[in-house]
Amino acid sequence: MADETTKQMLRRAADGRFARRWIVGDGIDIGCGPSPLGNLRDYFPLMKSARSWHLPDGDAMLMEGVADNSYDFVHSSHCLEKLVDPVRSLGNWIRICKPGGHLIITVPDEDMYEQGMWPSIFNQDHKWTFTILKPQSWSPKSISVVQVLDLFKEEVEVLKLEKLDSGFQYDAPLRDQTLKGTSESAIEVVLRKRNKGWGLGAAADDSAARFAQVARRQEIGTKFAEAIGLHQQGRVGEAHAAYTAILAADPDNLVVMNNLALIAPFPDAERLLRRALEINPAYVDALLNLGNRLVANQRAEEGRDVLRRALAAAPDDPRVINALSQAYDALGAYEDAVALLQEKGGLLGNLDDVYCRLGKYAEHLGRTDEALAYLANALRINPSHVEANIYTGRQHLRKGDFVKGAEGIAWIWHGRITESQIGLFMDPAGQPIRQDGRTIVLSADSGLGDTLQFVRYARPLKALGARVVVECQPELLRLVAAMPEVDEAVAIGELSAGFDLRLPLHNLMGAFRTTLATVPAEVPYLAAPADEAAAFAQRLAAHQGLRIGLCWAGNPNHPRNSSRSVAPDLLAPLLNQAGASFFSLQKGGDGAALGLVDWTADFADMANTAALVQGLDLVISVDSAVAHLAGALGRPVWLLNRFDSCWRWLEAGMETSPWYPNLTQFRQPAPGEWGPVMAAVTARLAEEIQTPGAADKPAAGRKAGKR
């Protein structure tokens, strides 16, 4: 395999949870080989240390000599498949992780790496193959990740389970695709170690005794103990048969039903858990498991109702309180989530975390001042609470106080950047600070849209005499490199030494002491390649009327994508208007099926996209990189904005944007209500078709609610 840990950084850099929550404090990197996590500290500002554990350090399965609860995080990339007993290994890795700490583990996916061949033809060290979950595997040494995690459900909470196939070519000939580009061909798991637990999640070395204790407590007998042992060893098929045999003899055995449901396909699991609840409607474990599985299988409303029953049966059970709040979060029922945590959040412990969650829920509800109050409580308890500081910054930014906001979001890199970067380029009196002869690196620290928004600061920085280097996502390299103010553009992870200063892009607001009145809002500051723009202009000339680009959904991997995307059936009234031609800007979407002209197959990077956008009369987009691209290119852009919008669009009622003078906002009047937004956009487009040029003039001061 190629350097998997370094490749992971390209993806993890766009997911702030890795840097802010999971890879935090003192950790251990098991089986790191020549690419230890400690070499990538720039990406993990809160990581204090990462001990490398190589073969000479000892057996990674046993972790002998490492005390229980030693590390804040345990990281392992492509090691578990090489160990004799992965289940026992995972138990020991959980053992050495501190309560509340995290385990970040990747293993190769059997269908993307081994690709039906066993033994592995690409790595003869592999002793096992892994799949997330399937009825039957072609591999004789297959381990289901879901079924293994079920064994440790009392010990750990699963925070992330993902098949990393974005770079995999399913139709390619048999070959090791991890050797090229950014293809990972893997499964990634992030776990949080619970503060306490017993049962199937026992640490590996004492699991037999603990399983026997569970069996004795339930007066199950030796067959149940054998079934649990099979379950623990990952012999899921045999465990399934053993549990089923026990149920044949003892059909009302609630514990066996519950355990069998853990390894059964969802339809069977639901049947088993509902049968258990017929026998004992107040059986909390069954209620909890059924509720969680319903939420995980896109039946969140049913899951919520089941978890409410669990709360009625166990009103002080932290597991139930936490699960129900997550169900409310999945449903966008933030009022209910706030009410629940206000009443019972004290039972969860860590009140700073509870207040921070309340602040986030208030943000979703559009109640900025209330969010600030909750977050202030969190910071009174723990002034160094990273997430609370970041969310506090977001609220100030939303209110237009960029000075306080910049101080808050600087916590994204707290712990790694030891000195404040506030005022690096502007003194308190508002006078610029020259940077002659200095090489300054501006590093992407979030998604594509953020990079497109903040790369504008290259212009004022260049004016101060600096040599400007931008470290950005590969998709943006050509576009950024073409900026006159950028002396060099490099892909993330390819930055060389020899610079004087490095700033995350989000820190530039503070470095320039930006206020609402001093945002560098001159557009365009990006330009498409001239030859590609000319080629698209020729193709566009064949289409009559206003030429409008449309992007109706964001990145499907974004955690808030469902709330910021518009259902395609709501686009019909807009698309049916005469006098306009619509062009898809939705990479990966089937624009042709909606009646749009779809040339997105020609988009290899954002420079290609820019070449089309530059020739359009108008871009209509949800909050995505496309909206930022159109704004940076100086094209008129109408933003289809969700109710709980990003801080950069300020509070409800704002129709314009301080960042893009060519942008007009159409904001949801309430969460999930795209109908009024699309009606307003459709009516406004009809005006534009009748009065060409209106799209170029955002109506400053016009309130979104009056549309």
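Everything below is about the structure shown above.
Residues numbered from 1 in each chain as written. Predicted model: local features only at pLDDT ≥ 70, side-chain atom pairs only at ≥ 80, totals over all residues. Heavy atoms only, no water.

Helices and strands together make up the secondary structure of the protein, namely 27 helices and 17 strands. A compact globule built from 707 residues should have a C-alpha radius of gyration of about 27 Å, and the protein, at 27 Å, falls within 12% of that. The principal-axis extents of the C-alpha atoms in the protein amount to approximately 80 × 60 × 55 Å. Relative to its full complement of 707 residues, the protein shows a buried share of 54%. (Helix = DSSP H or I, 4+ residues; strand = E, 2+ residues; numbered from the N terminus. Rg over C-alpha atoms; globule rule 2.2 N^0.38 Å. Buried < 20%, exposed > 50% of the residue type's maximum accessible area, 1.4 Å probe, protein only.)

Here the focus is helix H26 (residues 625–632). Within H26, eight of the eight residues are buried, which leaves the element mostly enclosed by the surrounding structure. Among all positions in H26, only Ala625, Val626, Ala627, His628, Leu629, Ala630, Gly631 and Ala632 are buried. Residues of H26 that are buried sit in contact with helix H18 (448–454), helix H20 (477–481), strand S13 (546–551), helix H25 (606–613), strand S15 (618–622) and strand S16 (637–641). (Contact = heavy atoms within 4.5 Å.)

Moving on to the sheet that holds strand S7 (residues 156–164). Strand order in the open sheet formed by six strands is S2-S1-S3-S4-S8-S7, and the pairing between neighbours is mixed. The open sheet terminates on both sides in strands that have one partner only, identified here as strand S2 (47–53) and S7. This sheet shows a mean twist of 15° between the axes of neighbouring strands, independent of strand direction. With seven bridges joining them, strand S4 (residues 97–108) and strand S8 (residues 186–193) adopt antiparallel strand pairing. Paired with isoleucine 105 across the strands is valine 189, a residue of S8. Contacting strand S1 (25–30), strand S3 (71–77), S4, S7 and S8, helix H3 (residues 86–96) runs over the sheet at an angle of about 145° to S4. (Pairing = 2+ DSSP bridges. Axes fitted to C-alpha atoms, helices over the stretch in contact; angles between N-to-C directions.)

Read across the open sheet, the four strands follow the order S11-S10-S9-S12; overall the sheet is parallel. In this open sheet, the two edge strands, each paired with only one partner strand, are strand S11 (488–491) and strand S12 (501–504). When strand polarity is set aside, the average angle formed by the axes of neighbouring strands in this sheet is 20°. Strand direction decides the pairing type here: strand S10 (residues 467–472) and S11, joined by four bridges, are parallel. Residue pairing in the sheet places valine 469 in a bridge with glutamate 488 of S11.

Here is the key point about a regular strand: its side chains alternate between the two faces of the sheet. Counting buried positions along S3 gives six out of seven residues, so the element sits mostly inside the fold. With four bridges joining them, S1 and S3 adopt parallel strand pairing. When the bridges of S3 are listed, aspartate 29 appears paired with histidine 75. The sheet contact formed by S3 and S4 spans six bridges and is parallel. What sits directly across from serine 76, in S4, is isoleucine 105. Following the backbone out of S3, through H3 and into the adjacent parallel S4, one traces a crossover that is right-handed. (Right-handed = clockwise from strand over helix to strand, strands pointing away.)

Let us look at a nonpolar patch on the surface. A cluster of nonpolar side chains, namely Met117, Ile121 and Leu174, defines an oily patch on the protein surface of about 260 Å² accessible area. Take isoleucine 121: it is sitting in the loop between S4 and strand S5 (129–131). Residue class for isoleucine 121 comes out partly exposed when judged on its relative accessible area of 46%. (Patch = residues over 30% accessible without salt bridge, like charges linked within 9 Å, V, L, I, M, F, W, Y side chains within 5 Å. Areas by Shrake-Rupley, 256 points an atom, 1.4 Å probe, with all protein chains shown as cover. Salt bridge = Lys/Arg side-chain N within 4 Å of Asp/Glu carboxyl O.)

Going residue by residue along S12, you find Leu501 and Leu503 tucked away on one face and Arg502 and Pro504 tucked away on the opposite face as well. The pairing of strand S9 (residues 439–443) with S12 spans four bridges and is parallel. For leucine 442, the partnering residue across the bridge sits in S12 and is leucine 503.

Overall, the coordinates contain 15 aromatic pairs when judged by the stated rule. Ring centres of tyrosine 113 and phenylalanine 122 lie 5.7 Å apart, and the angle between their planes is 65°; on these two criteria the pair is classed as edge-to-face. Judged by its relative accessible area of 23%, phenylalanine 122 is partly exposed. Seen in terms of ring centroids, phenylalanine 454 and tryptophan 647 are 6.4 Å apart; in terms of plane orientation they differ by 25°. Their pairing is stacked. In this pair, phenylalanine 454 sits in helix H18 while tryptophan 647 sits in the loop between S16 and strand S17 (663–667), placing the two residues 193 residues apart along the sequence. Each member of the pair, phenylalanine 454 as well as tryptophan 647, is classed as buried. An aromatic cluster is present here, built from Phe402, Phe454, Trp647 and Trp659 joined pairwise through their rings. Over the ring of tyrosine 660 we find arginine 456; its NZ or CZ atom is 4.8 Å from the centre of that ring. For the cation-ring pair, arginine 539 lies above tryptophan 599, with the distance from its terminal atom to the ring centre recorded as 4.3 Å. (Phe/Tyr/Trp six-rings, centres within 6.5 Å; stacked < 30°, edge-to-face > 60°. Lys NZ or Arg CZ within 6 Å of the ring centre and 35° of its normal.)

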